[in-house]
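Secondary and tertiary structure notes
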Amino acid sequence: MNDTGSDSTIPPDADSCGCGDADDGCDADYGHHDDDGHESADADVVTDGAGDSDVVRLSVPDMDCPSCAGKVESSVRTLDGIDAIDPQVTTGTLTVEYDATATDAAAVETRVEKAGYAVERDASETTFSVPDMDCASCAGKIENALDGVSGVRAYDTRPTTGNVTVSTDESASVADVTAAIENAGYDVAGTSADEDDASLDTESVWTSTRAVKTWTSGVFVALGLLFEFLLTGANATLVGAGGAVALGGVEITVADAAFLLAVLVGGQAIVTNGYYSLRNRNLDIDLLMSTAILGALAVSIGFGKSLYLEAATLAFLFSVAELLERYSMDKARNSLQELMDLSPDEATVKRNGEEETIPVDDVAVGDVVLVRPGEKIPMDGTVADGESAVNQAPITGESVPVDKTPGDEVFAGTINEGGYLEIEVTSEASDNTLSRIVEMVEDAQGNKTEREQFVERFADYYTPLVLAFAVLVAAVPPLVFDAPWVTWFVYGLTLVVLSCPCAFVISTPVTVVSGITSAAKNGVLIKGGNHLEAMGEVEAVAFDKTGTLTKGELTVTDVIPLNGNSEEDVLRCARGLEARSEHPIGEAIVAEADGAGVADHEIDDFESLTGKGVRADLGGTTHYAGKPDLFEDLGFDLNHVHATDGGVEATATRDLCERNNCLDLLDETVPALQREGKTVVLVGRVGQSPTGSRMESGGTEGELEGAIAVADEVRPDAKAAIQRLRDLGIDHLVMLTGDNERTAKAIAEQVGVDEFRAGLLPEQKVEAIEELRERYDGPREQRSSGQSSSGDAHEQRSLARRTSFGGVAMVGDGINDAPALATATVGVAMGAAGTDTALETADIALMADDLSKLPYLYDLAHDANGVIRQNVWTSLAAKAALAIAVPFGLVPIWAAVLVGDAGMTTAITGNAMRLSRITPQSLRE
């Protein structure tokens, strides 16, 4: 994760104090657009009551060093009437006391800005729903309109969601912004400031006003074609009182009249939008199509060259194309709307002993909400009463419902499957897990990929070049070669239609929207299109061990009773010894004993032996539990220990000696267990005659009762996930851990990684990630040598799936591994549901502790990159092929509209929606 998440940037020529020079000041990029360089914030004017003296407090966030403060103070001092100045660098605030008869707060603010520092003013942010804004050119038109609104500080247009988020100061109102958007030719269906969201446009694309006009236009086109080509005898010249009805002396037939009516009805919205485009100086498809339609009519009426059919065809087919584009975009938008609809609008709360149904926005932290079987959980919280299985798939993607009991955490949007639950609310509706997911998904759509930026840069050159080509095609053949100018004029109009870059400009964002929302519905939160793109190209994946490849919780794996004791005897003694221990190993042993229903033991005189184990009196006898070294120090002979017949033993590690069914714990059994990544705890007593375990001279009489092996178990699906990643083409899989070499090796062998590095501190994990990035980031020919050049099947498969750039993904818990996650090309956090830190830390969050989502994530991202490439290059190739074919008369104008615009947009969106078919595969064996 290379983006720190901060919006503020320091210019490269900043001085040592972190500021720019006095002329330029400290610039800051606060959003997608900043109208005048000064971001909105806070300014307070306070009258102190002493004569005409006033005090103004300004927020100057870039004033962050004594040098900055000195420049600001010097600039303000030039004003008359300044009584006192107090710049606070640590808080970025400036307090100025001044004589209100000599100057005012506005003058003080101006002097601060003259010193080169932005003053923040109170700002409000409003989101406007503009459903007709469904392409980059639409967004550009609205942006141009907003540039002319005083008080607009920043805006963010998102065609993929049909939303415009605008930040304004007190001088601009919601009505001003709404008027500007509507003046650009787009209706505002609703705003975030509306109390009633029912005003939002839910009208079907196919029954909208635009659709009705389109279908009417189509009827007139059909009538015109009928009279033009079939009922030619009835295609008479229209006659009026003075003879032929003429426009400029040009006769109009019945077919021509039908075509004109088709243009009048179907072209109205196009020409209106074209007018707005011209007024806003935006060269987009509406302006281009308006030019083509009006040009065809002008030639027909002004020069008597009948191009009514072409004008009508353009008006009707382009309107159809617009409807198809809107429909396709709505399908992409609906995938996000499905996430937003997961949470119910109302909740039943218990207040003053009575049940009350209220809007979720009115539910407060600490309220108790009641959730009956089959209902959605409305808020994040903890179970206060009741038990049930909860379907967490909407948040975590888990396919199996999770049992919930009092004290367990639940999330808004999940479904109560069976029982009755009372849930104490822990977060407000605007800050619950589901709300944060939706917000991050929306924000992710504004995070442009490298391919998207390339396409947008290319589009800036594409349209002018094709328009220039259109002018040449329309003018050169008639002027130079005496070719029929009407024919070549039509060819020029066809090229004007093809000059719109909408199809390939939208090719990347619709794919990103489809991929990100599909991932979110499967429990994977991707925080930007750039991270989706990067994840699809990684060639190496580094895993943290604890909590990622393993469960992160110690459990008892083996109980070996010795010297005639039973497994229950061993667990009973071990539980008594560890009951007061706070060590994770002790907690695991106590949990195992509780699960086995082992009885309690009376405990006296407990003592923790730091680094070795514990000691306590159980039933009047001194017992020890701890490392083998502890028992060696106590004088126990660990090489010949009597095994209990019929006891539960680690059969793979049992070594019978030649004398009396003995185990060699020290040299055989314990090392074998440790090679499996397990920690061995011995349990024994002293003070009684040994019954089978002999102690060395000088030792105290005693007996070994048993051995317990404890381990952080490998996740059941870890090995399968590693293999699946390898099958998908990941070159290098490495485990990074702070554990010792022996444990790390055992886990690495179990899960099947290519390499492991043990004993790493957090900074050493960062160094390991940096080393991997040197090998795998960037163009392949620039990477460090040392990669395998073998020609086996796996290598060939990897090469086939790779692109020109690679990268390294780091998978960890999102908290302890934050530095390594930030250093990797892509940081992936495990089990982030309900964890603020994990959600904020990583580029991608797996909401559940489910490693099967990692291969799914890579597969989705890799396929998304493929779809983006397909969309971009197919749309470019189609446009290029059509443009080249136009001068040869191979592309009629209707084909340019249907294939080059509507067809490509629909095909691109449909191709992008294929990503929703990719689902996580079960990796459980």
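Note that the structure is a prediction, hence the values are computed from the model and not measured.

Below, the discussion takes up the overall build of the chain. Helix and strand counts for the chain stand at 29 helices and 36 strands. A fraction of 69% describes how many contacts in the chain between residues 6 or more apart in sequence connect residues 24 or more apart. For the chain, the exposed area adds up to about 39,600 Å²; of that, 50% sits on carbon and sulfur atoms.

It is worth spelling out the pairing of strand β25 (residues 603-609) at this point. Remark: a regular strand shows side chains that alternate across the two faces of the sheet. With 5 bridges connecting them, β25 and strand β26 (residues 613-618) associate as antiparallel partners. Bridged to Asp 604 within β26 is Asp 617.

The subject of this paragraph is the environment of Pro 401. With respect to the helices, strands and loops of the structure, Pro 401 is situated in the loop between α10 (393-396) and β18 (402-404). Classification of Pro 401 by relative accessible area gives partly exposed; the value is 35%. Taking the C-alpha atoms as reference, Pro 401 lies 5.1 Å from Val 390; in sequence the two are 11 residues apart. Non-local contacts of Pro 401, meaning those with residues more than four positions away in its chain, are made with Ala 389, Val 390, Asn 391 and Glu 417.

Glancing now at the packing of helix α13 (residues 485-498) against helix α28 (residues 853-885). Relative placement of two packed helices is described by the angle separating their axes and the distance separating the axes. Between α13 and α28, the least distance of the axes is 10 Å, while the angle of their chain directions is 170°. When the axes of α13 and α28 are compared, the pair comes out roughly antiparallel. Between α13 and α28, the residues in contact are Leu 495, Val 497 and Leu 498 and Lys 879, Leu 882 and Ala 883, respectively.

All told, the structure shown has 19 salt bridges when counted by the stated rule. With its nearest N and O atoms 2.9 Å apart, the salt bridge here joins Glu 355 to Arg 372. Here Glu 355, found in strand β14 (residues 354-359), pairs with Arg 372, found in the loop between β15 (368-371) and β16 (381-385); they are 17 residues apart in sequence, far enough to count as distant. A relative accessible area of 30% means that Arg 372 is categorised as partly exposed.

With respect to topology, 6 strands assemble into an open sheet ordered β14-β13-β15-β21-β16-β19, the strand pairing being antiparallel. The open sheet has two free edges, formed respectively by β14 and β19 (409-410), since each of these has just one partner strand. Inspection of the sheet shows β16 paired to strand β21 (residues 421-425) by 4 bridges, in the antiparallel sense. Residue pairing for β21: Asp 385 is matched across the bridge by Glu 422.

Let us now look at helix α6 (residues 254-266). Spanning 13 residues, α6 covers 18 Å between terminal C-alpha atoms, matching the ideal 18 Å at 1.5 Å per step. Turning to α6, its buried residues are Ala 255, Asp 256, Ala 257, Ala 258, Phe 259, Ala 262, Val 263, Val 265 and Gly 266.

For the rest of this paragraph, the subject is unusual backbone geometry. A positive phi angle, near 55°, is found at Asp 482, a position not held by glycine. Tracing the chain through its elements places Asp 482 in the loop between α12 (450-481) and α13. One non-glycine residue, Asp 605, lies in the positive phi region at around 55°.

The next point concerns a negative patch on the surface. A contiguous patch of negative charge, built from Asp 345, Glu 346, Asp 361 and Asp 362, is present on the exposed surface. Assignment of secondary structure puts Glu 346 in strand β13 (residues 346-351).

Within soluble globular proteins, side chains that are nonpolar generally end up buried alongside one another. The biggest cluster of nonpolar side chains holds 71 residues, and the ones touching the most others in it are Ile 142, Leu 146 and Ile 181. No other element matches helix α9 (residues 308-340), which puts 10 residues into this core. Beyond its immediate chain neighbours, meaning those up to four positions away, Leu 146 contacts Val 152, Tyr 155, Val 164, Val 166, Val 177, Ala 180 and Ile 181. Within the second largest apolar cluster, 53 residues are counted, among which are Val 524, Val 753, Tyr 856 and Leu 915.

Counting buried positions over the 5 residues of strand β35 (residues 826-830) gives 5, a clear majority of the element. Residues Val 826, Val 828 and Met 830 point to one face of β35 and Gly 827 and Ala 829 to the other, with burial holding for every one of them. In the sheet, β35 pairs with strand β36 (residues 844-846) via 3 bridges, with the strands oriented parallel. Within the sheet, the bridge partner assigned to Ala 829 lies in β36 and is Ala 845.

Once that is clear, we can look at the side chain of Asn 563. One can find Asn 563 in the loop between β24 (550-561) and α18 (567-578). A polar atom in the side chain of Asn 563 sits 2.6 Å from the backbone oxygen of Leu 704.

A separate point is the sheet that holds strand β20 (residues 415-416). Taken in spatial order, the 3 strands make up an open sheet running β18-β17-β20, and their pairing is antiparallel. A strand with exactly one partner marks an edge of an open sheet, and here the two such strands are β18 and β20. Direction of pairing for strand β17 (residues 388-391) relative to β18: antiparallel, over a ladder of 3 bridges. Bridged to Ala 389 within β18 is Asp 403.

What follows covers the side chain of Glu 703. With respect to the helices, strands and loops of the structure, Glu 703 is situated in strand β31 (residues 702-714). Within the structure, Glu 703 has its side chain in polar contact with the side chain of Arg 685 (distance 2.8 Å).

In this section: a nonpolar patch on the surface. Together, Val 219, Leu 223, Leu 225, Leu 226, Phe 229, Leu 230 and Leu 231 make up an exposed nonpolar region whose accessible area comes to about 620 Å². In this structure, Val 219 sits in helix α5 (residues 209-230). Overall, Val 219 belongs to the partly exposed group, its relative accessible area being 48%.

Here the chain averages 77 in pLDDT, and 79% of its residues register 70 or above. Within the model, the stretch residues 195-201 combines pLDDT values under 50 with 10 contacts to residues more than four positions away or in other chains. When the criterion is pLDDT under 50, residues 689-700 qualifies, and its contacts beyond four places in sequence or with other chains add up to 29 contacts.

Taken together, the buried positions of helix α22 (residues 718-728) are occupied by Ala 718, Ala 720, Ala 721, Ile 722, Leu 725, Arg 726 and Leu 728. Gly 729 occupies a position one or two residues after α22 and carries a positive phi of about 115°.

Locating Thr 237 in the fold gives a position in the loop between α5 and β9 (239-240). In sequence terms Thr 237 and Ala 257 are 20 residues apart; their C-alpha atoms lie 9.7 Å from each other.

Direction vectors running N to C along helix α8 (residues 285-303) and α13 enclose 165°, while the axes themselves pass 9 Å from each other. Taken together, α8 and α13 sit at an angle that is classed as roughly antiparallel. In this structure, α8 meets α13 at a crossing whose hand is left-handed. Taking contact as the criterion, the partners of Ile 285, Leu 288, Met 289, Ala 292, Gly 295, Ala 296, Val 299 and Phe 303 in α8 are, on α13, Trp 485, Phe 489, Leu 493, Val 496 and Val 497. Among the residues making up the contact of α8 with α13, the classes are represented as 12 nonpolar, 1 polar and no charged.

Quick look at the environment of Leu 294 now. With respect to the element layout, Leu 294 can be found in helix α8. Along the primary structure Leu 294 and Ala 311 are separated by 17 residues, whereas in three dimensions their C-alpha atoms are 7.6 Å apart.

Calculation criteria
Residues numbered from 1 in each chain as written. Predicted model: local features only at pLDDT ≥ 70, side-chain atom pairs only at ≥ 80, totals over all residues. Heavy atoms only, no water. Helix = DSSP H or I, 4+ residues; strand = E, 2+ residues; numbered from the N terminus. Contact = heavy atoms within 4.5 Å. Areas by Shrake-Rupley, 256 points an atom, 1.4 Å probe, with all protein chains shown as cover. Pairing = 2+ DSSP bridges. Buried < 20%, exposed > 50% of the residue type's maximum accessible area, 1.4 Å probe, protein only. Axes fitted to C-alpha atoms, helices over the stretch in contact; angles between N-to-C directions. Parallel < 35°, antiparallel > 145°, perpendicular 65-115°, else oblique. Salt bridge = Lys/Arg side-chain N within 4 Å of Asp/Glu carboxyl O. Expected span 1.5 Å × (residues − 1). Patch = residues over 30% accessible without salt bridge, like charges linked within 9 Å, V, L, I, M, F, W, Y side chains within 5 Å. Lys, Arg positive; Asp, Glu negative; His and termini not counted. Charge placed at Lys NZ, Arg CZ, Asp CG, Glu CD. Core = buried A, V, L, I, M, F, W, Y, C linked by side-chain atoms within 4.5 Å. Polar contact = N/O pair within 3.5 Å; in protein donor to acceptor, adjacent residues only side chain to side chain. pLDDT = per-residue confidence, 0-100. Left-handed = near helix turned anticlockwise from the far one by under 90°. Nonpolar A, V, L, I, M, F, W, Y, C, P; charged D, E, K, R; others polar.

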